[in-house]
Amino acid sequence: MNRIPMKGRDIESLLYMGKIASVNVEYCGESKKEAKVVAKLITGEEVETECIPVRAAGKISIVIKHYLKMGVDKLIIQDIDMKEIRNVDTEGGEEDEVQDRQDSKE
């Protein structure tokens, strides 16, 4: 399976969007001075960083694991019915924005 190359910050962005299922760190060589972060997405695809220092890969991995443990993927709205979305600026509401601004100056 081919992995999609990404930057570490982009993999973290996938996490915040609720797209990561799991994460691992793989060493890039026998010296174990560099590693890459490999994340498995909820679609089954895998993404990876380039070889970066082990400490940086570990930090990215730990952040992702902590967020997954906290259940951040359950807090993010992924699939919703568009009928439930309304523009509060144009629909409903009897509020007078000008009046609200005048009241706030008092």
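Bear in mind that the values here come from a model prediction, so they are computed numbers and not experimental data.

Focus: unusual backbone geometry
Its identity as a non-glycine residue notwithstanding, K32 has a phi of 55 degrees, on the positive side. Positionally, K32 belongs in the loop between β2 (20–27) and β3 (34–41).

So, the pairing of β3
Consecutive side chains of a regular strand alternate in pointing toward one face of the sheet and then the other. Of all 8 residues in β3, 6 are buried, a share of seventy percent or more. Judged from the 7 bridges that link them, β2 and β3 form a sheet pairing that is antiparallel. Each bridged residue has a counterpart across the sheet, and for Y27 the counterpart in β3 is A35. Here β2 hands over to β3 after 6 residues, with K32 in that stretch at a positive phi of 55 degrees. For β3 and strand β5 (residues 52–53), the ladder comprises 2 bridges, and the chain directions are antiparallel. By the bridge assignment, A35 is partnered in β5 with I52. Pairing of β3 with strand β4 (residues 46–48) involves 3 bridges; the strand directions are antiparallel. Pairing of A39 across the sheet is with V47, part of β4.

As for the state of the cysteines
On inspection of all chains with the given rule, the structure shows 1 disulfide. Disulfide pairing places C28 opposite C51 at an S-S distance of 2.1 Å. A torsion of -100 degrees about the S-S bond marks the disulfide between C28 and C51 as left-handed. Here C28 is found in the loop between β2 and β3, whereas its partner C51 is found in the loop between β4 and β5, with 23 residues between them in sequence. Classification of C51 as partly exposed rests on a relative accessible area of 33%.

Things to note about the environment of R9
Tracing the backbone through its elements, the reader meets R9 in helix α1 (residues 8–16). A residue is classified by how much of its surface remains accessible, and R9, at 61% relative accessible area, is exposed. As for R9 and T49, which are separated by 40 residues in sequence, their C-alpha atoms are 9.4 Å apart.

What counts, and at which threshold
Residues numbered from 1 in each chain as written. Predicted model: local features only at pLDDT ≥ 70, side-chain atom pairs only at ≥ 80, totals over all residues. Heavy atoms only, no water. Helix = DSSP H or I, 4+ residues; strand = E, 2+ residues; numbered from the N terminus. Buried < 20%, exposed > 50% of the residue type's maximum accessible area, 1.4 Å probe, protein only. Pairing = 2+ DSSP bridges. Disulfide = S-S within 2.5 Å.

Purely geometric stuff here, so don't read any function into it on its own.
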